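Fold and geometry: a report
This is what each chain is made of:
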Amino acid sequence: HALLGESPAMREVFRLIGRVAASELNVLITGETGTGKELVARALHEESARRDRAFVALNTAAIPSELLESELFGHEAGAFTGATRRYAGRFEQAEGGTLFLDEIGDMPLALQTRLLRVLAGGEFYRVGGRELIRGNVRIVAATHQDLDARVAAGLFRADLKHRLDVVRIELPALRQRRADIPLLAQHFLAAAARELKLPPKRFSRAALKAVAQRDFPGNVRELENLCRRLAVIAPGVEILPADLGGPAAAPALGDWTDALREWATLALADGE
C-alpha cells in the first residue's frame, strides 16, 4: 500500500495495522489533517479478509447535514423533494466490506444517535423506507479532533465514541517523523514525474536537507503538493534550495540586516 516510513512512530503504526487488520474490530484513526488517515484505512481493508469486497469512503464534514443521513443509509423514491428514485447509501454500498467515515467528529448529534443504533444492532432503514436492512460492514472512522474533549463539551456522544474507539491508531505529524521526509520527498517527486509524464528530477543534498527542516503544517499532503509543484516548475534536473520557495529559499536573517543597513545608509545620504 502507499504508506511509507522507517521512523519508530511509523513502525508502530505498521505494527498496529498488521495486528488489527485481520480482526473485525472497529478502528478509530486520529491525527492532524494531511497525515494519511485514509491510507491507513485502506491498508486495514487491503490486509483484511474483506479485501475482495468494497472499500467505501465518506467525508462526513463535506456533506450538508440535511443530506448526510441519505448518504449513509440511502433513501426511497419520494422520500423528499428531488428523490426521484431509490438510492443505496454508503452502508449498502459497503456491504461485506469496509466503510470509512472520515472526520467523524463533525457528525451532527442527531445523526450520531442513528449511527449508534446501526452499530449496536447492525440494522437500518433507508430514509422514507419501511424495509429493515441488515448490514455486514466493518467501520473504520477518522478524525483530526479530540473526541474526548468533544464528548466533554456535549458535542459527541460518549457511547458512540466507545463503539468506534475499540482500537485506536494515532498517526504522527510529519514534524514528529522528520527522518521519513527525505524518503517521502524523493518518492513523491518520482511519482509526480511518472504521473505527469515529465523528465525525472532529483533533489540536491542541500535542497533535501532544507525540505527535511520544514514544519509542514499540512503534513504529508503538503509535502506531496510541494513535490508535484517542483516536478513541474523547477528549471533544472537537480532541485536546488532556491527552487523550493517559502522559508527555505528566503535570505538568512543576517542578509536581511545587511540589506536594511545599506538601504538606511543610502536613504540618509539622499536626505530622506
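Quick caveat: nothing in here was measured; it's all calculated off a predicted structure.

With that out of the way, let us pick up the side chain of T98. For T98, the position within the fold is in strand β3 (residues 98-102). Looking at T98, the relative accessible area reads 1%, which means it is buried. In terms of polar contacts, T98 uses its side chain to reach the side chain of H45, at 2.8 Å. Non-local contacts of T98, meaning those with residues more than four positions away in its chain, are made with H45, R50, A54, F55, V56, V137, R138 and V140.

It is worth spelling out the packing of helix α1 (residues 8-20) against helix α2 (residues 37-46) at this point. Following both chains from N to C, one finds α1 and α2 inclined at 35°, their axes separated by 9 Å at the closest point. Seen from above, α1 lies across α2 with right-handed handedness. Along its contact with α1, which presents V13, I17 and V20, the element α2 presents V40, A43 and L44. Per-class residue counts for the contact of α1 with α2 are 6 nonpolar, no polar and no charged.

Attention now goes to the pairing of strand β7 (residues 167-170). Burial of the side chains of β7 is restricted to one face: V167 and I169 are buried, whereas none of R168 and E170 on the reverse face is. Taken together, the 4 bridges between strand β1 (residues 27-30) and β7 define a ladder with parallel strand orientation. Residue T30 lies in a different strand from β7, and its bridge partner there is E170.

On to the packing of aromatic side chains, then. As enumerated under the stated definition, the model contains 4 aromatic pairs in all. Ring geometry for F55 and F100: centres 6.2 Å apart, planes at 20°, overall stacked. Note that F55 is positioned in strand β2 (residues 55-59) and F100 in strand β3, a separation of 45 residues in sequence. Among the residues examined, F100 registers a relative accessible area of 0% and is labelled buried. Consider the rings of F73 and F124, whose centres lie 5.7 Å apart with planes at 40°: the pair is tilted. You can see F73 sitting in helix α3 (residues 65-73) and its partner F124 sitting in strand β4 (residues 123-124), a full 51 residues away along the chain.

Next up on the list: the sheet that holds β3. Here 5 strands make up an open sheet; going across it, the order is β2-β3-β6-β1-β7 and the pairing parallel. Among the strands making up the open sheet, the edge pair consists of β2 and β7. Looking at each pair of strands side by side, their axes are set apart by 20° on average, direction ignored. Here β1 runs beside strand β6 (residues 138-143); their pairing, made up of 4 bridges, is parallel. Following the sheet pairing, I29 is matched in β6 by A142.

Because each turn of an α-helix spans 3.6 residues, side chains separated by three or four positions end up pointing in the same direction. Taking 1.5 Å of rise per residue, 13 residues should cover 18 Å, and helix α5 (residues 109-121) covers 19 Å from first to last C-alpha, within 8% of that figure. Listed as buried for α5 are L111, Q112, R114, L115, L116, V118 and L119. Buried residues in α5 make contact with α3, α4 (90-93), β3, β4, β6 and α7 (158-164). Following α5 by one or two positions, G122 has its phi on the positive side, about 70°.

As a further point, take the environment of L196. Tracing the chain through its elements places L196 in helix α8 (residues 181-196). Sequence spacing of L196 and V232 is 36 residues, and the spatial spacing of their C-alpha atoms is 8.4 Å. Aside from chain neighbours lying at most four places away, what touches L196 is R228 and V232.

Another aspect to go through is the pattern of salt bridges. Enumeration over the complete set of coordinates arrives at 19 salt bridges. R126 is the partner of E76 in a salt bridge, and the nearest nitrogen-oxygen pair spans 2.8 Å. With E76 in the loop between α3 and α4 and R126 in the loop between β4 and β5 (133-134), this residue pair connects regions lying 50 residues apart in the sequence. Each member of the pair E76 and R126 is classed as buried.

Calculation criteria
- Residues numbered from 1 in each chain as written.
- Predicted model: local features only at pLDDT ≥ 70, side-chain atom pairs only at ≥ 80, totals over all residues.
- Heavy atoms only, no water.
- Helix = DSSP H or I, 4+ residues; strand = E, 2+ residues; numbered from the N terminus.
- Buried < 20%, exposed > 50% of the residue type's maximum accessible area, 1.4 Å probe, protein only.
- Polar contact = N/O pair within 3.5 Å; in protein donor to acceptor, adjacent residues only side chain to side chain.
- Contact = heavy atoms within 4.5 Å.
- Axes fitted to C-alpha atoms, helices over the stretch in contact; angles between N-to-C directions.
- Left-handed = near helix turned anticlockwise from the far one by under 90°.
- Nonpolar A, V, L, I, M, F, W, Y, C, P; charged D, E, K, R; others polar.
- Pairing = 2+ DSSP bridges.
- Phe/Tyr/Trp six-rings, centres within 6.5 Å; stacked < 30°, edge-to-face > 60°.
- Expected span 1.5 Å × (residues − 1).
- Salt bridge = Lys/Arg side-chain N within 4 Å of Asp/Glu carboxyl O.

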